[in-house]
Amino acid sequence: MAAPGALLVMGVSGSGKSTVGALLASELGWKFYDADDYHPEENRMKMGKGIPLKDQDRIPWLCNLHDILLRDIASGQHVVLACSALKKAYRDVLIRGKECAPLQCDETGKDKQPAEVEDCRTDSDRSMTYA
């Protein structure tokens, strides 16, 4: 069985997804992305003030992450992405792009589905489950 193009490590804030993702990427020799590093400044400001993000804040960010995954996978790079992606709709956008977004993205991007994406979830007790 061929390795997936990307592995999504999911979990709530503080569950260890960034730590697990970085270690996994290092062990596999894959590229690692922490989705939080790609939030636009407006989202960062809201989060800094304790204002929860809404779907319209998240969808363009997820579309951007999808485009990053597509670019790397198309170039033959395997990727581990740490991202909360707690809603199925968010995971769908990461995998399939803006065509699956409940709200349209402002940015244009490729709508092709990347290579198979596997996901695993981190729980607050630091255990990991695979979906």
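Criteria and cut-off values
Residues numbered from 1 in each chain as written. Predicted model: local features only at pLDDT ≥ 70, side-chain atom pairs only at ≥ 80, totals over all residues. Heavy atoms only, no water. UniProt positions renumbered as here; feature names shortened; annotations may be inferred. Salt bridge = Lys/Arg side-chain N within 4 Å of Asp/Glu carboxyl O. Helix = DSSP H or I, 4+ residues; strand = E, 2+ residues; numbered from the N terminus. Buried < 20%, exposed > 50% of the residue type's maximum accessible area, 1.4 Å probe, protein only. pLDDT = per-residue confidence, 0-100. Contact = heavy atoms within 4.5 Å. Polar contact = N/O pair within 3.5 Å; in protein donor to acceptor, adjacent residues only side chain to side chain. Core = buried A, V, L, I, M, F, W, Y, C linked by side-chain atoms within 4.5 Å.

The protein goes by gluconokinase in an unreviewed UniProt entry, where it is assigned to Callorhinus ursinus. Entered under Pathway (unreviewed entry) in the UniProt record, the comment concerning the protein runs "Carbohydrate acid metabolism; D-gluconate degradation." Per UniProt, the protein carries the Catalytic activity (unreviewed entry) text "D-gluconate + ATP = 6-phospho-D-gluconate + ADP + H(+)".

Participant: Where do I start with the pattern of salt bridges in this structure?
Facilitator: One pass over the full model with this rule turns up seven salt bridges. Put simply, Asp72 and Lys31 hold a salt bridge, and the shortest N to O gap is 4.0 Å. Placement of Asp72 in helix α3 (residues 55-74) and of Lys31 in strand β2 (residues 31-34) is noted, with a sequence separation of 41 residues between them. By relative accessible area, Asp72 is classed as buried at 5%. Residue Lys31 is classed as partly exposed on the basis of its relative accessible area of 35%. Across the salt bridge formed by Lys46 and Glu42, the nearest N and O atoms sit 4.0 Å from each other. With a gap of four residues between them, Lys46 and Glu42 both fall in helix α2 (residues 41-48), about one helical turn apart. By sharing partners, the salt bridges in this structure join Lys31, Arg71 and Asp72 into a single network.

Participant: Looking at this structure, I do not really get the confidence of the model for the protein. What am I missing?
Facilitator: With 73% of its residues at a pLDDT of 70 or more, the protein has an overall mean of 80. The weakest mean pLDDT in the protein belongs to strand β5 (residues 128-130) at 38; the strongest belongs to β2 at 97. Note that pLDDT drops below 50 for residues 104-116; the model gives that stretch 32 contacts with residues more than four away or on any other chain. Within the model, pLDDT remains below 50 along residues 119-131, and this stretch shows 34 contacts once partners closer than five positions in the same chain are excluded.

Participant: Whenever I open this one, the environment of Lys31 confuses me. Can you help?
Facilitator: Each C-alpha atom, one on Lys31 and one on Asp72, is 8.8 Å from the other, the two residues being 41 residues apart in sequence. Other than its neighbours up to four places away in sequence, Lys31 contacts Ala25, Asp72, Gln77, His78, Val79 and Val80. Polar contacts involving the side chain of Lys31 include one to the side chain of Tyr33, which spans 3.1 Å.

Participant: How should I be thinking about the nonpolar core in this particular structure?
Facilitator: Nonpolar side chains in soluble globular proteins generally cluster together in the buried interior. Formed by 20 residues in total, the largest nonpolar core has its most connected members in Leu8, Leu62, Leu65, Leu81, Cys83, Ala85 and Leu94. Those elements that place two or more of their residues in this core are β1 (6-10), α3, β3 (79-82) and α4 (88-96). Membership of the second largest hydrophobic core comes to five residues, among which are Leu7, Val9, Ala25 and Val80.

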